[in-house]
Amino acid sequence: MYCVRKVNEDYTWIGADSRRLAVFEGVFGVPDGVSYNSYLLSDEKTVLFDTVDSQVIRQFRENLMHTLNGRALDYIVVHHMEPDHTAELEDLVLRFPEVQILCSAMAKTMIGQFFGHAYDDRIRVCKEGDTLCTGKHTLQFVMAPMVHWPEVMMTYDQTDKLLLSADAFGCFGALNGRLFADEVDFDRDYLDECRRYYTNIVGKYGSQVQVVLQKAAGLEIRMILPLHGFVWRKELGYILGKHDLWSRYEPEVRGVMIAYASVYSDTECAANILACRLAEQGIKAQMFDTSVTPSSYVLSAAFRYSHLVFAAPTYNAGVFITMEELLRDIAAHGLQNRKVALLENGSWAPTSGREMQKILQGLKGWDQVEDTFTIRSALQEDQTLQLERLAAVLAKDVKTVPAAEAAEKKKQFVCKVCGYVYEGDALPEDYKCPLCGAGAEYFAEK
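Residues numbered from 1 in each chain as written. Predicted model: local features only at pLDDT ≥ 70, side-chain atom pairs only at ≥ 80, totals over all residues. Heavy atoms only, no water.

Trainee: Which parts of the structure should I look at to understand the sheet that holds strand β24 (residues 411-415)?
Mentor: The strand order across the open sheet formed by 3 strands is β25-β24-β26, and the pairing between neighbours is antiparallel. At either margin of the open sheet sits one strand with a lone partner, and together these are β25 (421-424) and β26 (443-445). Pairs of neighbouring strands in the sheet enclose a mean axial angle of 30°, with direction left out of account. Across 3 bridges, the pairing between β24 and β26 is antiparallel. Bridge pairing in β26 links C415 to F443. (Pairing = 2+ DSSP bridges. Helix = DSSP H or I, 4+ residues; strand = E, 2+ residues; numbered from the N terminus. Axes fitted to C-alpha atoms, helices over the stretch in contact; angles between N-to-C directions.)

Trainee: Before we go on, may I ask you to explain the pairing of strand β18 (residues 285-289) in this structure?
Mentor: Regular strands show a simple pattern: their side chains alternate between the two faces of the sheet. Sheet topology note: the strand β17 (residues 253-260)/β18 ladder contains 5 bridges and is parallel. Within β18, the position partnered with I258 by the bridge is M287. Tracing the backbone out of β17, into helix α8 (residues 266-280) and back to the parallel element β18 gives a crossover that is right-handed. (Right-handed = clockwise from strand over helix to strand, strands pointing away.)

Trainee: Please explain the packing of aromatic side chains as it appears in this structure.
Mentor: Describing an aromatic ring pair means giving the distance of the ring centres and the angle of the ring planes. Inspection of the entire model under this criterion finds 17 aromatic pairs. Pairing F114 with F115 gives two aromatic rings, centres 6.3 Å apart and planes at 45°, and the pair type is tilted. Aromatic side chains F413 and Y422 sit 6.3 Å apart centroid to centroid with 50° between the ring planes, which places their arrangement in the tilted category. Here F413 falls in the buried class, since its relative accessible area comes to 10%. One aromatic cluster is present, formed by F186, Y190, F230, W232 and Y238 through successive ring pairs. The positively charged end of R196 is found above the aromatic ring belonging to Y297, 4.0 Å away from the centroid. Against the face of F180 rests R233, its NZ or CZ located 3.7 Å from the ring centre. (Phe/Tyr/Trp six-rings, centres within 6.5 Å; stacked < 30°, edge-to-face > 60°. Buried < 20%, exposed > 50% of the residue type's maximum accessible area, 1.4 Å probe, protein only. Lys NZ or Arg CZ within 6 Å of the ring centre and 35° of its normal.)

What follows is the structure, given as C-alpha coordinates:
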(Lines give C-alpha, C1' and ligand atoms only; values in the text may rest on other atoms or scores of the structure.)
Protein backbone atom coordinates (compact mmCIF):
# COMPACT_ATOMS: atom_id res chain seq x y z
CA MET A 1 0.00 0.00 0.00
CA TYR A 2 1.36 3.41 -0.93
CA CYS A 3 2.29 6.17 1.54
CA VAL A 4 3.09 9.49 -0.15
CA ARG A 5 2.85 13.21 0.55
CA LYS A 6 2.51 16.15 -1.78
CA VAL A 7 5.34 18.67 -1.67
CA ASN A 8 3.41 21.02 -3.94
CA GLU A 9 1.16 20.73 -6.98
CA ASP A 10 3.69 18.88 -9.17
CA TYR A 11 6.16 17.35 -6.71
CA THR A 12 5.41 14.32 -4.55
CA TRP A 13 7.51 12.78 -1.79
CA ILE A 14 7.63 9.03 -2.44
CA GLY A 15 10.34 8.03 0.03
CA ALA A 16 10.15 5.88 3.15
CA ASP A 17 11.12 5.82 6.81
CA SER A 18 13.33 3.20 8.41
CA ARG A 19 12.95 2.70 12.16
CA ARG A 20 14.65 -0.71 12.43
CA LEU A 21 18.06 0.40 11.22
CA ALA A 22 20.38 0.40 14.23
CA VAL A 23 23.45 1.95 12.62
CA PHE A 24 23.45 4.32 9.65
CA GLU A 25 26.36 3.84 7.23
CA GLY A 26 27.65 1.15 9.57
CA VAL A 27 28.80 3.65 12.21
CA PHE A 28 26.19 6.25 13.27
CA GLY A 29 23.49 5.13 15.67
CA VAL A 30 19.99 6.24 14.65
CA PRO A 31 17.74 5.54 17.65
CA ASP A 32 14.96 7.62 16.11
CA GLY A 33 15.30 6.09 12.66
CA VAL A 34 16.09 7.78 9.37
CA SER A 35 14.17 8.80 6.28
CA TYR A 36 15.15 8.02 2.70
CA ASN A 37 13.66 10.76 0.57
CA SER A 38 12.80 10.43 -3.08
CA TYR A 39 10.74 12.90 -5.09
CA LEU A 40 8.71 12.59 -8.29
CA LEU A 41 7.99 15.53 -10.60
CA SER A 42 4.83 15.02 -12.66
CA ASP A 43 4.93 17.36 -15.65
CA GLU A 44 4.72 16.73 -19.40
CA LYS A 45 7.71 14.56 -18.59
CA THR A 46 8.07 12.59 -15.37
CA VAL A 47 11.26 12.97 -13.39
CA LEU A 48 12.36 10.85 -10.44
CA PHE A 49 14.93 12.41 -8.12
CA ASP A 50 16.98 9.59 -6.56
CA THR A 51 15.80 6.23 -5.27
CA VAL A 52 16.15 4.74 -1.78
CA ASP A 53 18.02 2.24 0.35
CA SER A 54 17.45 -1.48 -0.25
CA GLN A 55 15.72 -1.98 3.09
CA VAL A 56 12.76 0.23 2.07
CA ILE A 57 12.52 -0.71 -1.61
CA ARG A 58 9.08 -2.31 -1.34
CA GLN A 59 7.47 0.84 0.07
CA PHE A 60 9.28 2.98 -2.49
CA ARG A 61 8.08 0.85 -5.40
CA GLU A 62 4.47 1.07 -4.28
CA ASN A 63 4.79 4.83 -3.79
CA LEU A 64 6.36 5.34 -7.20
CA MET A 65 3.88 3.21 -9.15
CA HIS A 66 0.92 4.82 -7.41
CA THR A 67 2.17 8.33 -8.12
CA LEU A 68 3.02 7.56 -11.75
CA ASN A 69 -0.54 6.25 -12.10
CA GLY A 70 0.24 4.31 -15.27
CA ARG A 71 2.59 6.86 -16.81
CA ALA A 72 6.08 5.96 -17.97
CA LEU A 73 9.12 7.27 -16.17
CA ASP A 74 11.06 9.59 -18.47
CA TYR A 75 14.06 10.67 -16.37
CA ILE A 76 15.92 9.63 -13.24
CA VAL A 77 18.15 12.30 -11.72
CA VAL A 78 20.96 10.80 -9.67
CA HIS A 79 22.19 13.45 -7.28
CA HIS A 80 24.36 11.14 -5.19
CA MET A 81 25.61 7.62 -5.87
CA GLU A 82 25.67 6.30 -2.31
CA PRO A 83 23.70 3.02 -2.28
CA ASP A 84 21.14 4.37 0.18
CA HIS A 85 19.92 6.54 -2.72
CA THR A 86 20.55 4.27 -5.70
CA ALA A 87 19.59 0.75 -4.61
CA GLU A 88 16.61 0.70 -7.01
CA LEU A 89 18.39 2.29 -9.96
CA GLU A 90 19.11 -0.87 -11.95
CA ASP A 91 15.61 -2.25 -11.47
CA LEU A 92 14.06 0.99 -12.70
CA VAL A 93 16.20 1.00 -15.82
CA LEU A 94 14.94 -2.51 -16.58
CA ARG A 95 11.34 -1.66 -15.70
CA PHE A 96 11.29 1.50 -17.83
CA PRO A 97 13.34 0.74 -20.98
CA GLU A 98 13.10 4.32 -22.30
CA VAL A 99 14.13 6.09 -19.11
CA GLN A 100 17.16 8.38 -19.23
CA ILE A 101 19.56 8.86 -16.33
CA LEU A 102 20.86 12.38 -15.61
CA CYS A 103 23.96 12.68 -13.45
CA SER A 104 27.43 14.17 -13.14
CA ALA A 105 30.42 12.74 -15.01
CA MET A 106 31.81 11.21 -11.82
CA ALA A 107 28.42 9.67 -11.04
CA LYS A 108 28.43 8.00 -14.47
CA THR A 109 31.75 6.41 -13.59
CA MET A 110 30.33 5.20 -10.29
CA ILE A 111 27.20 3.78 -11.95
CA GLY A 112 29.54 1.62 -13.99
CA GLN A 113 31.38 0.58 -10.85
CA PHE A 114 28.19 -0.38 -9.03
CA PHE A 115 26.06 -1.78 -11.88
CA GLY A 116 28.33 -2.36 -14.86
CA HIS A 117 28.20 -0.59 -18.22
CA ALA A 118 25.13 -2.12 -19.87
CA TYR A 119 23.22 1.16 -19.42
CA ASP A 120 25.89 3.65 -20.49
CA ASP A 121 23.85 4.70 -23.52
CA ARG A 122 20.97 5.69 -21.21
CA ILE A 123 23.11 8.11 -19.22
CA ARG A 124 23.25 11.84 -19.92
CA VAL A 125 26.10 13.64 -18.20
CA CYS A 126 25.18 17.04 -16.74
CA LYS A 127 27.52 19.97 -16.21
CA GLU A 128 27.22 23.10 -14.09
CA GLY A 129 24.33 25.22 -15.33
CA ASP A 130 22.88 22.64 -17.73
CA THR A 131 19.09 22.72 -17.91
CA LEU A 132 16.23 20.37 -18.73
CA CYS A 133 12.74 21.50 -19.71
CA THR A 134 10.06 19.04 -18.61
CA GLY A 135 7.11 21.10 -19.81
CA LYS A 136 6.11 23.69 -17.26
CA HIS A 137 9.31 23.24 -15.28
CA THR A 138 12.92 24.08 -16.11
CA LEU A 139 15.51 22.20 -14.10
CA GLN A 140 19.00 23.63 -13.62
CA PHE A 141 21.84 21.38 -12.43
CA VAL A 142 24.25 22.63 -9.78
CA MET A 143 27.48 20.77 -9.10
CA ALA A 144 28.29 20.19 -5.42
CA PRO A 145 31.48 18.08 -5.34
CA MET A 146 32.58 16.77 -1.93
CA VAL A 147 29.28 17.57 -0.26
CA HIS A 148 30.00 14.89 0.67
CA TRP A 149 31.11 12.65 -2.25
CA PRO A 150 32.91 13.94 -5.36
CA GLU A 151 30.07 13.12 -7.77
CA VAL A 152 27.32 15.05 -5.97
CA MET A 153 25.10 17.50 -7.80
CA MET A 154 21.90 19.32 -6.91
CA THR A 155 18.88 20.40 -8.95
CA TYR A 156 17.30 23.83 -8.89
CA ASP A 157 13.77 24.10 -10.25
CA GLN A 158 13.64 27.55 -11.86
CA THR A 159 9.84 27.43 -12.02
CA ASP A 160 8.95 26.51 -8.46
CA LYS A 161 12.19 27.85 -6.93
CA LEU A 162 12.98 24.50 -5.28
CA LEU A 163 16.47 23.20 -4.47
CA LEU A 164 16.78 19.43 -4.42
CA SER A 165 19.90 19.39 -2.29
CA ALA A 166 21.13 15.77 -2.21
CA ASP A 167 22.60 14.94 1.22
CA ALA A 168 23.04 18.61 2.14
CA PHE A 169 20.70 20.14 4.77
CA GLY A 170 19.65 16.68 5.93
CA CYS A 171 18.86 15.26 9.34
CA PHE A 172 18.74 11.97 11.20
CA GLY A 173 15.32 10.76 12.38
CA ALA A 174 12.27 9.22 10.76
CA LEU A 175 9.66 11.67 9.45
CA ASN A 176 6.79 9.89 11.21
CA GLY A 177 4.18 11.23 8.83
CA ARG A 178 5.48 14.79 8.89
CA LEU A 179 7.24 16.03 5.78
CA PHE A 180 7.89 19.72 6.44
CA ALA A 181 10.19 21.12 9.13
CA ASP A 182 7.47 23.56 10.20
CA GLU A 183 5.26 20.60 11.20
CA VAL A 184 7.56 19.89 14.16
CA ASP A 185 9.42 21.87 16.82
CA PHE A 186 12.66 21.51 14.92
CA ASP A 187 14.87 23.57 17.20
CA ARG A 188 13.78 21.61 20.26
CA ASP A 189 13.40 18.10 18.87
CA TYR A 190 15.60 17.81 15.79
CA LEU A 191 18.40 20.38 15.81
CA ASP A 192 20.77 18.10 17.73
CA GLU A 193 20.23 15.30 15.22
CA CYS A 194 20.61 17.73 12.34
CA ARG A 195 23.93 18.90 13.79
CA ARG A 196 25.06 15.31 14.40
CA TYR A 197 24.15 14.44 10.82
CA TYR A 198 26.06 17.41 9.41
CA THR A 199 29.15 17.21 11.59
CA ASN A 200 29.69 13.48 11.13
CA ILE A 201 28.78 13.12 7.46
CA VAL A 202 29.60 16.48 5.90
CA GLY A 203 31.62 18.23 8.62
CA LYS A 204 35.03 17.60 7.10
CA TYR A 205 34.02 19.52 3.96
CA GLY A 206 33.27 22.95 5.36
CA SER A 207 34.98 24.81 2.53
CA GLN A 208 32.97 22.86 -0.06
CA VAL A 209 29.76 23.61 1.82
CA GLN A 210 30.67 27.28 1.75
CA VAL A 211 30.98 27.07 -2.04
CA VAL A 212 27.50 25.54 -2.25
CA LEU A 213 26.09 28.25 0.01
CA GLN A 214 27.58 30.88 -2.27
CA LYS A 215 25.98 29.18 -5.27
CA ALA A 216 22.68 29.11 -3.40
CA ALA A 217 23.03 32.83 -2.81
CA GLY A 218 22.64 33.36 -6.54
CA LEU A 219 19.35 31.46 -6.63
CA GLU A 220 15.93 32.43 -5.38
CA ILE A 221 15.10 29.47 -3.14
CA ARG A 222 11.64 28.98 -1.67
CA MET A 223 11.99 25.35 -0.64
CA ILE A 224 14.80 22.88 0.13
CA LEU A 225 14.27 19.16 -0.50
CA PRO A 226 17.06 17.03 1.04
CA LEU A 227 17.56 13.27 0.77
CA HIS A 228 17.25 12.72 4.54
CA GLY A 229 15.04 14.60 6.97
CA PHE A 230 12.48 17.34 6.51
CA VAL A 231 11.59 19.55 3.57
CA TRP A 232 12.10 23.25 4.32
CA ARG A 233 9.43 25.66 3.07
CA LYS A 234 9.60 28.26 5.87
CA GLU A 235 12.42 29.93 7.82
CA LEU A 236 15.04 28.91 5.30
CA GLY A 237 17.38 31.45 6.86
CA TYR A 238 17.39 29.35 10.03
CA ILE A 239 18.68 26.15 8.45
CA LEU A 240 20.99 27.93 5.99
CA GLY A 241 22.39 29.99 8.85
CA LYS A 242 23.16 26.89 10.91
CA HIS A 243 25.01 25.30 8.01
CA ASP A 244 26.87 28.53 7.33
CA LEU A 245 28.00 28.57 10.99
CA TRP A 246 28.96 24.88 11.08
CA SER A 247 30.82 25.01 7.78
CA ARG A 248 32.89 27.94 9.05
CA TYR A 249 33.66 25.90 12.21
CA GLU A 250 32.24 28.64 14.42
CA PRO A 251 31.03 27.37 17.83
CA GLU A 252 27.38 27.85 18.69
CA VAL A 253 27.97 27.94 22.45
CA ARG A 254 30.59 29.67 24.55
CA GLY A 255 31.14 26.91 27.06
CA VAL A 256 33.09 23.76 27.80
CA MET A 257 32.62 20.23 26.54
CA ILE A 258 34.33 17.66 28.76
CA ALA A 259 34.98 14.23 27.25
CA TYR A 260 36.66 11.70 29.50
CA ALA A 261 37.69 8.05 29.55
CA SER A 262 38.11 6.33 32.87
CA VAL A 263 38.90 2.74 33.84
CA TYR A 264 38.53 2.82 37.64
CA SER A 265 36.78 6.21 38.04
CA ASP A 266 39.85 8.23 39.08
CA THR A 267 40.03 10.18 35.81
CA GLU A 268 36.26 10.56 35.91
CA CYS A 269 36.51 12.03 39.41
CA ALA A 270 38.86 14.73 38.18
CA ALA A 271 36.53 15.50 35.26
CA ASN A 272 33.56 15.77 37.65
CA ILE A 273 35.41 18.16 39.94
CA LEU A 274 36.38 20.33 36.99
CA ALA A 275 32.75 20.41 35.84
CA CYS A 276 31.63 21.44 39.33
CA ARG A 277 34.12 24.29 39.51
CA LEU A 278 33.05 25.50 36.06
CA ALA A 279 29.38 25.38 37.02
CA GLU A 280 30.09 27.44 40.13
CA GLN A 281 31.47 30.13 37.84
CA GLY A 282 28.40 30.07 35.62
CA ILE A 283 30.04 28.26 32.71
CA LYS A 284 27.86 26.02 30.59
CA ALA A 285 29.42 22.55 30.40
CA GLN A 286 28.45 19.20 28.94
CA MET A 287 30.12 15.90 29.84
CA PHE A 288 30.58 12.66 27.93
CA ASP A 289 31.99 9.32 28.99
CA THR A 290 33.65 8.05 25.82
CA SER A 291 33.23 4.44 26.94
CA VAL A 292 29.45 4.63 26.80
CA THR A 293 28.70 7.51 24.40
CA PRO A 294 29.35 6.85 20.70
CA SER A 295 31.85 9.25 19.19
CA SER A 296 29.30 10.67 16.72
CA TYR A 297 27.51 12.43 19.60
CA VAL A 298 30.73 13.76 21.14
CA LEU A 299 32.01 14.97 17.77
CA SER A 300 28.77 16.87 17.26
CA ALA A 301 29.16 18.53 20.67
CA ALA A 302 32.77 19.41 19.85
CA PHE A 303 31.48 21.38 16.86
CA ARG A 304 28.98 23.09 19.18
CA TYR A 305 31.24 24.22 22.03
CA SER A 306 34.07 26.77 22.03
CA HIS A 307 36.26 25.04 24.61
CA LEU A 308 37.04 21.33 24.81
CA VAL A 309 38.54 19.25 27.63
CA PHE A 310 39.81 15.73 27.02
CA ALA A 311 40.74 13.54 29.98
CA ALA A 312 42.13 10.03 29.58
CA PRO A 313 44.31 7.47 31.32
CA THR A 314 47.47 6.09 29.77
CA TYR A 315 46.82 2.71 28.17
CA ASN A 316 49.49 0.52 26.57
CA ALA A 317 51.80 3.55 26.67
CA GLY A 318 49.26 5.52 24.66
CA VAL A 319 45.72 6.89 25.00
CA PHE A 320 42.84 4.82 26.34
CA ILE A 321 41.05 3.14 23.43
CA THR A 322 37.75 5.03 23.37
CA MET A 323 39.41 8.42 23.80
CA GLU A 324 41.89 7.70 21.05
CA GLU A 325 38.98 6.73 18.77
CA LEU A 326 37.21 10.01 19.55
CA LEU A 327 40.26 12.20 19.01
CA ARG A 328 41.12 10.55 15.73
CA ASP A 329 37.52 11.03 14.63
CA ILE A 330 37.70 14.74 15.50
CA ALA A 331 41.03 15.05 13.69
CA ALA A 332 39.68 13.22 10.64
CA HIS A 333 36.78 15.72 10.44
CA GLY A 334 39.14 18.68 10.49
CA LEU A 335 37.44 20.66 13.26
CA GLN A 336 39.01 24.11 13.50
CA ASN A 337 39.49 26.97 15.94
CA ARG A 338 38.97 25.46 19.38
CA LYS A 339 40.52 26.06 22.81
CA VAL A 340 41.53 22.80 24.50
CA ALA A 341 42.70 21.51 27.86
CA LEU A 342 44.13 18.04 28.45
CA LEU A 343 44.09 15.81 31.54
CA GLU A 344 46.19 12.65 31.65
CA ASN A 345 46.42 9.82 34.15
CA GLY A 346 49.13 7.20 34.59
CA SER A 347 50.26 5.04 37.47
CA TRP A 348 53.91 4.78 36.47
CA ALA A 349 54.49 6.54 33.14
CA PRO A 350 51.78 9.02 32.15
CA THR A 351 51.96 9.53 28.39
CA SER A 352 48.34 9.99 27.32
CA GLY A 353 48.60 13.80 27.35
CA ARG A 354 51.54 13.80 24.96
CA GLU A 355 49.82 11.28 22.69
CA MET A 356 46.58 13.28 22.68
CA GLN A 357 48.57 16.35 21.64
CA LYS A 358 50.07 14.40 18.74
CA ILE A 359 46.64 13.44 17.44
CA LEU A 360 45.32 17.00 17.62
CA GLN A 361 48.42 18.95 16.61
CA GLY A 362 47.54 19.15 12.92
CA LEU A 363 44.18 20.82 13.46
CA LYS A 364 43.94 24.43 12.34
CA GLY A 365 43.43 27.13 14.95
CA TRP A 366 43.61 24.91 18.05
CA ASP A 367 45.12 26.41 21.18
CA GLN A 368 45.92 24.55 24.41
CA VAL A 369 45.01 26.94 27.21
CA GLU A 370 47.16 25.30 29.93
CA ASP A 371 49.88 22.71 30.28
CA THR A 372 48.60 19.14 30.48
CA PHE A 373 47.16 18.32 33.92
CA THR A 374 48.73 15.08 35.19
CA ILE A 375 47.24 12.61 37.66
CA ARG A 376 49.24 9.70 39.02
CA SER A 377 46.80 6.87 39.77
CA ALA A 378 44.37 8.99 41.79
CA LEU A 379 43.81 12.69 42.30
CA GLN A 380 45.75 13.97 45.30
CA GLU A 381 44.33 16.38 47.84
CA ASP A 382 46.58 19.25 46.81
CA GLN A 383 45.62 18.78 43.16
CA THR A 384 42.08 19.96 43.75
CA LEU A 385 43.47 23.47 43.99
CA GLN A 386 45.18 22.97 40.63
CA LEU A 387 41.85 21.84 39.16
CA GLU A 388 40.23 24.97 40.58
CA ARG A 389 42.92 27.01 38.86
CA LEU A 390 42.32 25.21 35.57
CA ALA A 391 38.60 25.85 35.91
CA ALA A 392 39.29 29.53 36.58
CA VAL A 393 41.52 29.78 33.50
CA LEU A 394 38.87 28.11 31.33
CA ALA A 395 36.09 30.24 32.78
CA LYS A 396 38.03 33.45 32.22
CA ASP A 397 38.77 32.45 28.64
CA VAL A 398 35.15 31.56 27.97
CA LYS A 399 33.90 34.81 29.47
CA THR A 400 36.52 37.33 28.42
CA VAL A 401 37.44 36.18 24.93
CA PRO A 402 33.93 36.80 23.55
CA ALA A 403 33.96 40.25 25.11
CA ALA A 404 37.30 40.99 23.49
CA GLU A 405 36.03 39.68 20.20
CA ALA A 406 32.58 41.22 20.43
CA ALA A 407 33.56 43.93 18.01
CA GLU A 408 35.05 41.34 15.68
CA LYS A 409 34.11 37.67 15.82
CA LYS A 410 30.67 37.96 17.31
CA LYS A 411 29.35 40.74 15.12
CA GLN A 412 25.97 40.09 13.54
CA PHE A 413 25.01 41.43 10.13
CA VAL A 414 21.33 41.35 9.12
CA CYS A 415 20.13 41.14 5.54
CA LYS A 416 17.69 44.02 5.00
CA VAL A 417 15.94 42.06 2.26
CA CYS A 418 15.07 38.77 3.99
CA GLY A 419 16.31 39.02 7.58
CA TYR A 420 19.09 36.41 7.33
CA VAL A 421 21.77 36.92 10.01
CA TYR A 422 25.48 36.46 9.30
CA GLU A 423 27.78 36.02 12.31
CA GLY A 424 31.52 36.50 12.05
CA ASP A 425 34.46 38.77 12.58
CA ALA A 426 33.54 40.87 9.56
CA LEU A 427 31.22 40.66 6.58
CA PRO A 428 33.23 39.78 3.44
CA GLU A 429 32.98 42.43 0.74
CA ASP A 430 31.85 39.88 -1.83
CA TYR A 431 29.42 38.12 0.51
CA LYS A 432 25.99 37.21 -0.81
CA CYS A 433 23.02 36.23 1.32
CA PRO A 434 22.55 32.42 1.05
CA LEU A 435 18.80 32.90 1.37
CA CYS A 436 17.90 35.69 -1.06
CA GLY A 437 21.16 36.44 -2.87
CA ALA A 438 21.44 40.05 -1.71
CA GLY A 439 24.97 41.47 -1.78
CA ALA A 440 26.98 42.81 1.14
CA GLU A 441 25.61 46.32 0.60
CA TYR A 442 22.18 45.09 1.77
CA PHE A 443 23.53 43.95 5.17
CA ALA A 444 23.48 46.11 8.27
CA GLU A 445 25.28 45.42 11.52
CA LYS A 446 23.00 44.66 14.45
